[in-house]
Amino acid sequence: MNELSAKHIVLGLTGGVACFKAAELCRALVKEGATVQVVMTAASQQFITPVTMQALSGRAVYDSQWDARESNNMAHINLSREADAILIAPCSADFIAKLLHGRADDLLSLMCLARPLDKVPLLLAPAMNREMWAHPATQRNVAQLRADGATVLDVASGEQACGETGDGRMLEADELLQELIAFFSPKSLAGQHVLVTAGPTYEAIDPVRGVTNLSSGKMGFAIARAACEAGATVDLVAGPVALATPRGVTRHDVRSACDMLDATLALAPSATLFIATAAVADWRPAASAEHKIKKDGSGQPPELRFVENPDILATVAALPRAQSGELFCVGFAAESQDLLANAQAKRERKKVPLLVGNIGPATFGQDDNALLLVDAQGAKELARASKRALARQLIADIARRLGN
Ligand code: C5P
């Protein structure tokens, strides 16, 4: 998906080792369809050359307010008027201090000062040593820049170029890309608290074996990401899957259906929207053996007895908050045939206002899917697309239902 198509990003680089990540970021922005104009300070050119940034952006880099290429000789005006956003990555402690004071003695700071405040957002990706980041001067400056309307992104924690360990690392290129995509997303779920279940559950037979299913968790993770991008607070209760946690989402890992129910019920009191995408095992072994079940030489397999698992969605949908409409519940149905009839029947059985049907074998593990949204009024199809695109459409649809 070209998630940044038609977006023009001015990518500013200031002095810091993290400049090496700006090369990757530039490439990622272009790959997502953005046009990228790089502007570099003199200090940043100690770390990476304009040649590299020009090659990756496909545009000559600007680094001087006296650039004669601009016929009016006003690069700071022209560049800032064209931008959909200015992203400074890396943004040094010195540059943060400079922005705070409205200094304008080089092209990048001049351009930031000259940008139309109401039209061109400014995003900063700080990068510095942990002591510099923690210093009251930097923290004071960051707070003031936020108050002045800039979006100061988080820093990462970990090993730093100087050999110390702590807060102040610049986010990775992929994380910055996610932040930018989220920044441009309509905040249709602002103020909502979304709870999502995703993935399979694992029901232990003994300490080394269990019953599970082929759910990959991709649809639920995509929905959690889309909800977060739409401005919601998001809790994701995930069965055993190896997927990366979407940025900004709080993940709660669980294994069995009973664990998933406990985690979900603990989080439900603060949720306003519950989306149950998890493929919860219908049954679990009546007892899980303490030790590995061994072959006894008789040729007889062990007899396993199963008991039914709790229905998480139906349990949540029966809570007074769900009944009163304070908590909007959305179920999923993975069917192998008769999608519409099965989804309608399931919606009524689970007593949820919206049920999303999909064909199980055609979606498990896949990157794309097709959805059928079934409510009391009827059904609506979301045509085959990537799970990412469908998640965004579904979130937009639910936001309309919530009146956001
Ligand atoms: O009954 P079925 O498993 O087809 O229902 C699917 C929907 O119910 C999904 O939203 C799924 O997450 C939810 N579910 C649940 N707990 C179960 C079984 C299903 O929350 N034990």
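Every value quoted in this text rests on a predicted model; they were computed, and no experiment measured them. (Residues numbered from 1 in each chain as written. Predicted model: local features only at pLDDT ≥ 70, side-chain atom pairs only at ≥ 80, totals over all residues. Heavy atoms only, no water.)

**Here's the deal with the domain arrangement of the protein chain**
Part 1: Assigned domains of the protein chain: these are domain 1 (8-184) and domain 2 (193-289 + 299-402).
Part 2: The distance between the C-alpha centroids of domain 1 and domain 2 comes to 39 Å.
Part 3: Contact with domain 1, which involves seven residues of that partner, is made by five residues of domain 2.
Part 4: Interface area lost by domain 1 to domain 2 is led by Gln178, Ile181 and Ala182, which between them contribute 71%. (Domains from an automatic or database assignment. Contact = heavy atoms within 4.5 Å. Buried area = accessible area lost by both parts, 1.4 Å probe.)

**Section: helix H3 (residues 75-82)**
Part 1: Buried within H3 we find Ala75, His76, Asn78, Leu79 and Ser80.
Part 2: Against strand S1 (8-13), strand S2 (35-40) and helix H5 (107-114) lie the buried residues of H3. (Buried < 20%, exposed > 50% of the residue type's maximum accessible area, 1.4 Å probe, protein only. Helix = DSSP H or I, 4+ residues; strand = E, 2+ residues; numbered from the N terminus.)

**As for helix H13 (residues 339-350)**
Part 1: In a regular helix each residue adds 1.5 Å, so 12 residues correspond to 16 Å; H13 covers 16 Å between its end C-alpha atoms and thus fits that length.
Part 2: Those residues of H13 that sit buried are Leu339, Ala343, Lys346, Arg347 and Lys350. For H13, the arc enclosing every buried residue in end-on projection is 105°, short of the 170-degree limit, so these residues lie on one face. Away from its buried face by more than 90 degrees, H13 exposes Glu348 and Arg349.
Part 3: Where H13 is buried, its residues meet helix H11 (312-317), strand S16 (328-335), strand S17 (354-359) and strand S18 (368-374). (Expected span 1.5 Å × (residues − 1). Arc of directions from axis to C-beta.)

**What to know about the site of the ligand**
Part 1: Close contacts around the ligand come from Ala276, Thr277, Ala278, Val280, Pro310, Asp311, Ile312, Leu313, Gly331, Phe332, Lys346 and Lys350, and that covers them all.
Part 2: At 2.9 Å, a backbone N or O of Ile312 approaches a nitrogen atom of the ligand.
Part 3: Between the ligand and Phe332, the relevant distance is 2.7 Å, taken from an oxygen atom to a main-chain nitrogen or oxygen of the residue.
Part 4: When atoms are counted within 2 Å of each cavity's grid points, the one that captures over half of the ligand is the largest pocket.
Part 5: For the shell around the ligand, the elements supplying multiple residues, two or more each, are H11, S16 and H13.
Part 6: The residue inventory of the shell around the ligand, partitioned by class, reads seven nonpolar, two polar and three charged. (Near = heavy atom within 4 Å. Polar contact = N/O pair within 3.5 Å; in protein donor to acceptor, adjacent residues only side chain to side chain. 1 Å grid on protein atoms, 1.4 Å probe; cavity = no way out; pocket = protein on both sides within 12 Å on 5 of 7 lines; lining within 4 Å. Sits in = over half its atoms within 2 Å of the grid points. Nonpolar A, V, L, I, M, F, W, Y, C, P; charged D, E, K, R; others polar.)

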